[in-house]
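A look at the structure
What follows is each chain in one-letter form.
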Amino acid sequence: MKEKSKRLAFIKNASQYYGLIIILILMFAGFSIANKNFFTLDNLIAILKQSSIYGVIGLGMGILIINHFYDLSVGAILGMSGAVLAMITSSGLPVVLGVMAALVVGTILGTLNGIGVAFTGIPAFILTMATTQVFRGLVYIITGGMPISGLPDSLLYFGKGYVGILPIAVVVMIIVYIISYIFMNYTETGRNIFATGGNSVAARYSGINVKWTVILTFAISGFLAAIGGILLVAKLQSAQPAMGNSYEMDAIAAAAIGGVSLDGGEGSVLGMFLGAIILGVINNGMVMVGFDSYWQMVAKGVIIILAVGIDVYRKKLQS
Amino acid sequence: MADYIIQLKDISKNYGGIQALKDITLGFERGMIHALLGENGAGKSTLIRSLSGVEKPTKGDIIFEGKSTLKLSPKQIHDLGISTVYQEPMQAPHMSVLENIYLGRMEKKGGVWIDKKKMREKLLRLMEDTEIYLDPDTGICKLGTAQRQMVEILKALSSDAKFVIFDEPTSSLTNDETEILFNQIKSMKKRGITVLYISHRMAEIFELCDRVTIFRDGMYIESNYLSEYTSDKLIQTMIGREIGDWFYKKEVKIGDEILSAEKISTGYLKDVSFKLRKGEIIGFAGLVGAGRTEVAKVLFGLDKFTGSIMFENEQYHPKSPRDAMNKGVVLVPEDRKIEGVVHTMNVRENITLPNLKALKKVLFVGRKREAGMGREMMERLKIKASGLRQLVSNLSGGNQQKVVFAKWLATEPKIMILDEPTRGIDVGAKAEIYRIISDLVERGISIILMSSEMPELIALCDGIYTMKDGKITGSLDRREFSEKAILTKIIEED
């Protein structure tokens, strides 16, 4: 009896992903028919690899949106972290040090955004739009506007290497998603992020330190953007000052497709994962089928409107 | 046959399961100043909103000068000649006096271009007529409440209003400003305009009004000339009902003093002092805006204050709700939907929200223990939900309120502050909430109850403080309780 109710609960839980899974299946079917090489193990792994960077940034953005905020500067934070990593490692210092520094810088920049939003009352949209300029400008200043190459082999291996059949970047993404899943579902802080995003007044009235929660969420997003930066530098084998430009849009798109409510308080790590994969399938599939990148932009836009539109419609039905 | 300017025929208004107006049939005679009286929740505001078209009655009809206004928009009703002056006028703060007065009906040249000159001329003529002089180009945000009300009066007159409603206009005015307002209202009457005046202040009503209409519990009670009444009789008619004998509080042994507040002041409160003993229920009575919620906010660490509070023989100066909660003081807030529950979360998550620290094992919240707490509280407070996973937004008001009680009970508080705990809750759920409150004091929890409902205060409290304009105006012992005694202490002009 108990077993049965548990299984029912699981099905009920899974049902919120049916829409995403159906979209995925349809896309798989369509692209497979159009190109035989689409549905092969190599290509599926390539899709995961392509999804890994904005999958990680999109996760940070999704957690922020659950907390009812945005950070438009994640692309610039990614650029800054990547530049820091490249500068340190190309100067001969150990890769571990470069990675640590990149993560610290990303976290600090995210934290600064969080402090700004929590204490000044400037809307996150405006504040992070402004800090995008500041951070990106600083990237150009410290790099002198030049790409940084000559990175050590161990870092390059990070971009090319495999664990079993999976590229390292994919393994990193999966680990990050698993930790985030546990964090959001099984810790007090994760629950506080949901509560603050759903109703910040009631959260405060329930004894939650709302400002601290907001700052922490921005810090997490900055940290994940830094991981994205490290993965991108390893993949490109160099750091470009314009690296990560407009990645925030893909990050928001992944979260929105993954069913994170733009009103805050609702969303799931699993949904965000599916959102990132769907985005990856669009990018990969359209190339395989032979559309150029301009059509990819159009398709991405349409998918976002569809995904969020379905969500809005579903909520309307509920109320 | 009286000459009514506006008539209500069998008007009812429901909000969900709550009936705010019940079969109201009445008329307002042309050319008089009418007072509308009733306690909080008697249905006055709903009536005003229905007259001005902001809300549509569930059934019935409103006839203004022989024409039904029911299907008209607020703007069309305004154009017909019904204007409303609110306590805090709703205006566009960054636009000028002139623009606000003609908002939505600007004079236009050739149907397109705004004709400021013509509007200005008309406005100046009106200002001379009424002797209300304001700079037409001043921004609304630079004006005080009294001047903004004058803008509303000019607006009403400029659109040839025939029926003007004033909703508690004097509550934030000084005596001088009130007098200016009264002169304006009286001269409106001379112009043949009918006025509906809503206020709690007896003296004002006797000074200004010709007739009075009394509402109680969403029902029309009576209308008559004011000369037929004394202040006492008006209050008696407003209260009307007998104290319900449907609830009796259990006798609880009251312990030692647990909290004493000395001269608490904030921007709003002035020298508020009171005492609370273990297992005691003290009530705060007062009209809307008397400062009851502000007292609650101070105690729950939401507002800064001066003065001193002793709690269990220690200085108590909470810096945040978390601080207050950790010390054993919790608040069931006034606005359940905004302050009480997180609507995106389910019953279990709402109940455990302030208790996650206690439920934590090393780093992680134990799901089993969490569900256990949720289930225990659901049973104890008889929360009617399909299960712990039901979203609170799908629960009835009474059950949402029980969820708020549940989350705090699980923290094992020493003092619970209840701010309008039964607002918007049906009678059955009310009785259950009273039972819960009665159980709480039996367990030695002390209660501070802010309420607008007299029977509730009388039934539950051991002592009552009355408040007005941020000050405590008196206190009553349980033996002295009567609706009349409380209302008199609240309403009396000082």
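Criteria and cut-off values
- Residues numbered from 1 in each chain as written.
- Chains lettered and ligands numbered in written order.
- Predicted model: local features only at pLDDT ≥ 70, side-chain atom pairs only at ≥ 80, totals over all residues.
- Heavy atoms only, no water.
- Helix = DSSP H or I, 4+ residues; strand = E, 2+ residues; numbered from the N terminus.
- Rg over C-alpha atoms; globule rule 2.2 N^0.38 Å.
- Buried < 20%, exposed > 50% of the residue type's maximum accessible area, 1.4 Å probe, protein only.
- Contact = heavy atoms within 4.5 Å.
- Areas by Shrake-Rupley, 256 points an atom, 1.4 Å probe, with all protein chains shown as cover.
- Lys, Arg positive; Asp, Glu negative; His and termini not counted.
- Charge placed at Lys NZ, Arg CZ, Asp CG, Glu CD.
- Pairing = 2+ DSSP bridges.
- Axes fitted to C-alpha atoms, helices over the stretch in contact; angles between N-to-C directions.
- Patch = residues over 30% accessible without salt bridge, like charges linked within 9 Å, V, L, I, M, F, W, Y side chains within 5 Å.
- Salt bridge = Lys/Arg side-chain N within 4 Å of Asp/Glu carboxyl O.
- Phe/Tyr/Trp six-rings, centres within 6.5 Å; stacked < 30°, edge-to-face > 60°.
- Buried area = accessible area lost by both parts, 1.4 Å probe.
- Core = buried A, V, L, I, M, F, W, Y, C linked by side-chain atoms within 4.5 Å.
- Parallel < 35°, antiparallel > 145°, perpendicular 65-115°, else oblique.
- Left-handed = near helix turned anticlockwise from the far one by under 90°.

Here we come to the overall build of chain B. Secondary structure assignment for chain B yields 18 helices and 24 strands. Over its C-alpha trace chain B gives a radius of gyration of 25 Å, about what one expects of a compact globule, namely 23 Å for 494 residues. In terms of overall dimensions, chain B has C-alpha extents of about 75 × 50 × 45 Å along its principal axes. For chain B, buried positions account for 55% of its 494 residues. For chain B, restricting intrachain contacts to residue pairs at least 6 apart in sequence, the fraction spanning at least 24 positions comes to 66%. As presented, chain B carries roughly 22100 Å² of accessible surface, and 50% of it is formed by carbon and sulfur atoms. Taking the average location of the 74 positive side-chain charges in chain B and that of its 70 negative ones, the two points are 7 Å from each other.

Residue and element names in this part refer to chain B. Pairing within the open sheet is antiparallel, and its four strands lie in the order 14-13-16-17. Sheet topology places strand 14 (272-277) and strand 17 (314-315) at the edges, where each strand pairs with a single neighbour. Where strand 13 (residues 257-265) meets strand 14, five bridges bridge the pair, whose relative direction is antiparallel. Opposite Glu257, over in strand 14, you have Arg277 as the bridge partner. The sheet contacts of helix 9 (residues 292-299) involve strand 13, strand 14 and strand 16 (306-311), and relative to strand 14 the element is tilted by about 65°.

What follows covers a nonpolar patch on the surface. A contiguous nonpolar patch, built from Ile174, Ile178, Tyr181 and Ile182 of chain A together with Val362, Leu363 and Phe364 of chain B and spanning about 670 Å² of accessible area, is present on the exposed surface. Here the nonpolar patch gets four residues from one element, more than from any other, and that element is helix 8 (residues 168-186) of chain A. Tracing the sequence through the fold places Ile178 of chain A in helix 8.

Residues and elements named next belong to chain A. For the structure shown, the criterion picks out 14 aromatic pairs over all chains. Plain terms: the ring middles of Phe28 and Phe39 are 5.7 Å apart, the flat faces sit at 85° to each other, and that makes the pair edge-to-face. One end of the pair, Phe28, is in helix 2 (residues 18-34); the other, Phe39, is in the loop between helix 2 and helix 3 (41-66), with eleven residues separating them in the sequence. Judged by relative accessible area, which is 19%, Phe28 ranks as buried. The class for Phe39 is exposed, based on a relative accessible area of 53%. Measuring from centroid to centroid gives 5.3 Å for Phe31 and Phe38, while their planes differ by 40°, and the two rings are tilted.

Glancing now at the interface of chain A and chain B. The extent of an interface is frequently quoted as the accessible surface area lost upon association of the parts. On the side of chain B, 33 residues touch chain A, which itself brings 24 residues to the contact. In total, about 2300 Å² of surface goes out of reach between chain A and chain B, with carbon and sulfur atoms giving 55% of it. Ranking the residues of chain A by area buried against chain B places Glu188, Arg191 and Tyr205 of chain A at the top, with a combined share of 35%. In this structure, the connection of chain A to chain B is made through four salt bridges. Between Lys360 of chain B and Glu188 of chain A there is a salt bridge whose closest N-O contact spans 3.0 Å.

Ranked by internal contacts, the top residues of the largest apolar core, which has 130 residues, are Phe166, Phe274, Phe405, Met416, Ile447 and Ile448 of chain B. No other element matches helix 5 (residues 145-158) of chain B, which puts seven residues into this core. Non-local contacts of Phe166 of chain B, meaning those with residues more than four positions away in its chain, are made with Val85, Ile153, Leu181, Ile185, Met188, Val195, Leu196, Tyr197 and Ile198 of chain B. Grouped together as the second largest cluster of nonpolar side chains are 94 residues, Ile66, Ile220 and Ala254 of chain A together with Met345 of chain B included.

Attention shifts here to the side chain of Gln296 of chain A. All names here are of chain A. With respect to the element layout, Gln296 can be found in helix 14 (residues 293-318). Gln296 sits in the buried class, given a relative accessible area of 12%. Residue contacts for Gln296: discarding those within four places in its chain leaves Asn283, Met286, Val287 and Phe291.

Moving on, we come to the environment of Phe364 of chain B. Within the secondary structure layout, Phe364 of chain B lies in strand 20 (residues 364-365). As for Phe364 of chain B and His200 of chain B, which are separated by 164 residues in sequence, their C-alpha atoms are 54 Å apart.

With respect to the helices, strands and loops of the structure, Tyr186 of chain A is situated in helix 8. Non-local contacts of Tyr186 of chain A, meaning those with residues more than four positions away in its chain, are made with Tyr181 of chain A together with Leu363, Phe364, Val365 and Arg367 of chain B.

Residue and element names in this part refer to chain B. Taken as a whole and judged by the stated rule, the model has 32 salt bridges over all chains. A salt bridge links Arg292 to Glu420, with the nearest nitrogen and oxygen atoms 3.5 Å apart. Residue Arg292 is found in helix 9, and its partner Glu420 is found in the loop between strand 21 (415-419) and helix 16 (427-442); the two are separated by 128 residues along the sequence. Judged by relative accessible area, Arg292 falls into the buried class, the value being 7%. Its relative accessible area of 5% is what places Glu420 among the buried residues.

All names here are of chain B. Strands sit in the order 18-21-22-15-23-24 across an open sheet of six strands; the sheet is mixed. Across the chains shown, the open sheet's two edge strands, defined by having one partner strand only, are strand 18 (329-332) and strand 24 (471-477). Across the sheet, the mean angle from the axis of one strand to that of its neighbour is 20°, orientation sign disregarded. Bridge count between strand 23 (residues 463-468) and strand 24: six bridges; the pairing is antiparallel. Bridged to Met467 within strand 24 is Ile472.

A few words on the packing of helix 3 of chain A against helix 12 (residues 247-257) of chain A. All names here are of chain A. Running from amino to carboxyl end, helix 3 crosses helix 12 at an angle of 65°, the nearest separation of the two axes being 7 Å. With respect to their mutual orientation, helix 3 and helix 12 come out roughly perpendicular. Where helix 3 crosses over helix 12, the two elements pack in a sense that is right-handed. Here Ile53, Tyr54, Ile57, Gly58, Met61, Gly62 and Ile65 of helix 3 lie close against helix 12, whose contacting residues are Tyr247, Glu248, Asp250, Ala251, Ile252 and Ala255.

Another aspect to go through is unusual backbone geometry. Residues and elements named next belong to chain B. Even without being a glycine, Glu65 presents a positive backbone phi close to 50°. For Glu65, the position within the fold is in the loop between strand 4 (59-64) and strand 5 (67-68). Not every positive phi belongs to a glycine, and Asp271 is a case in point at roughly 45°. Mapped onto the secondary structure, Asp271 falls in the loop between strand 13 and strand 14.

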